[in-house]
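Architecture and fold: a report
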Amino acid sequence: MLGVFSSSIVSPPEELVAAGSRTPSPKITAKSLVKRFVGNNPSAVSMQIGDDVQLAYTHQNESITHPRSFAVKDKIFCLFEGALDNLGSLKQQYGLSKSANEVVLVIEAYKALRDRAPYPINQVVGHLVGNFSFVVFDKSTSTLFVATDQHGKVPLYWGITADGCVAFANDADLLKGACGKSLATFPQGCFYSTAIGELRCYENPKNKITAVPATEEEIWGTKFMVEGPSSIISATQ
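Residues numbered from 1 in each chain as written. Predicted model: local features only at pLDDT ≥ 70, side-chain atom pairs only at ≥ 80, totals over all residues. Heavy atoms only, no water.

Structural notes on the packing of aromatic side chains
Under the defined criterion, the tally for this structure stands at 14 aromatic pairs. The interplanar angle of 20 degrees and the centroid separation of 6.0 Å between the aromatic rings of phenylalanine 132 and phenylalanine 134 together place this pair among those described as stacked. On the basis of relative accessible area, phenylalanine 134 is assigned to the buried category, the value being 1%. Measuring from centroid to centroid gives 5.1 Å for tryptophan 158 and phenylalanine 186, while their planes differ by 65 degrees, and the two rings are edge-to-face. Separated by 28 residues along the polypeptide, tryptophan 158 in strand E8 (residues 157-160) and phenylalanine 186 in the loop between strand E10 (183-185) and strand E11 (190-193) bring together distant segments of the chain. We classify tryptophan 158 as buried; its relative accessible area is 2%. (Phe/Tyr/Trp six-rings, centres within 6.5 Å; stacked < 30°, edge-to-face > 60°. Buried < 20%, exposed > 50% of the residue type's maximum accessible area, 1.4 Å probe, protein only. Helix = DSSP H or I, 4+ residues; strand = E, 2+ residues; numbered from the N terminus.)

Description of the side chain of serine 193
By the secondary structure assignment, serine 193 is in strand E11. A distance of 3.0 Å separates a polar side-chain atom of serine 193 from the backbone nitrogen of alanine 195. With residues up to four places along the chain from it excluded, the contact list for serine 193 reads Ile121, Thr143, Leu144, Phe145 and Glu198. (Polar contact = N/O pair within 3.5 Å; in protein donor to acceptor, adjacent residues only side chain to side chain. Contact = heavy atoms within 4.5 Å.)

Focus on the nonpolar core
Within the largest apolar cluster, 30 residues are counted, with the highest numbers of intra-cluster contacts made by Phe5, Leu55, Leu144, Trp158, Phe168, Phe186 and Leu199. Of all hydrophobic cores here, the second largest spans 29 residues; its members include Phe80, Val103, Tyr110 and Ala112. (Core = buried A, V, L, I, M, F, W, Y, C linked by side-chain atoms within 4.5 Å.)

Things to note about the layout of surface pockets
A volume near 310 Å³ is recorded for the largest pocket. Around the largest pocket sit 18 residues that line it, and Glu15, Tyr192, Gly197, Glu198 and Leu199 are the ones nearest its centre. Looking at which element gives the most residues to the lining of the largest pocket, the answer is strand E12 (residues 198-201), with three residues. Residue composition of the lining of the largest pocket, grouped by class: 10 nonpolar, four polar and four charged. (1 Å grid on protein atoms, 1.4 Å probe; cavity = no way out; pocket = protein on both sides within 12 Å on 5 of 7 lines; lining within 4 Å. Points joined across faces, edges and corners; volume = space filled by probe spheres on them. Nonpolar A, V, L, I, M, F, W, Y, C, P; charged D, E, K, R; others polar.)

A short note on the pattern of salt bridges
Counted by the stated rule, this structure contains six salt bridges. Across the pair arginine 114 and aspartate 115 runs a salt bridge whose closest N-O atoms are separated by 2.8 Å. Given the relative accessible area of 28%, arginine 114 is considered partly exposed. A salt bridge links glutamate 198 to arginine 200, with the nearest nitrogen and oxygen atoms 2.7 Å apart. For arginine 200, a relative accessible area of 28% corresponds to the partly exposed category. (Salt bridge = Lys/Arg side-chain N within 4 Å of Asp/Glu carboxyl O.)

Let's talk about the side chain of threonine 148
Assignment of secondary structure puts threonine 148 in strand E7 (residues 143-148). Looking at threonine 148, its side chain comes within polar contact range of the main-chain oxygen of proline 187, at 3.1 Å. Setting aside residues no more than four positions away along its own chain, threonine 148 makes contact with Phe132, Ser133, Leu156, Phe186, Pro187, Gln188, Gly189, Cys190 and Tyr202.

This is how it looks when you write it as structure tokens:
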């Protein structure tokens, strides 16, 4: 799956900008990135949302245990990969039908966050049990919300394209060819929301997240680390 957002939606993280500056490397534009994704996946579905957002996904080569799905409801778009172990109980909690799947559940959880303020963001993802990563875009508020599970079983990567867009994808090689060294693994157990403008760990939202420059040999430009009480815990393992 792939989500590309212009700088008018999300400001490129300074850590990724710095990583690309330390080690200049070839990049391509957001438009070329989406074109490459669609070209590599003949069955891919792509969509342009206004002038600032492009989403794409495919079921090609997806895992049986971690399927990909897409849904849109009330101008809320969601790309989801993975599976929730507590989907049944969450559907009851949110009053959803028995046929509702994970991507519909995530949209409803996001709506609860948006419409029932104050509602802590970490609680929205903290009660999701399973292996997952997702990208939510709320067109009505131009809000981006991204998260991954605590164990990193469904990897997600993010980077900056040649024209300054922020891209999220489940394919590291795709972003490597598009974002150069302005690239990192999205840290496990964390979320990013443009509503708060920063990356946070949802288990310990007050813990600081720092960026550690990667070595020249690594494909990443930086690694994000969640600081624990007595040590720094890697968020990219």
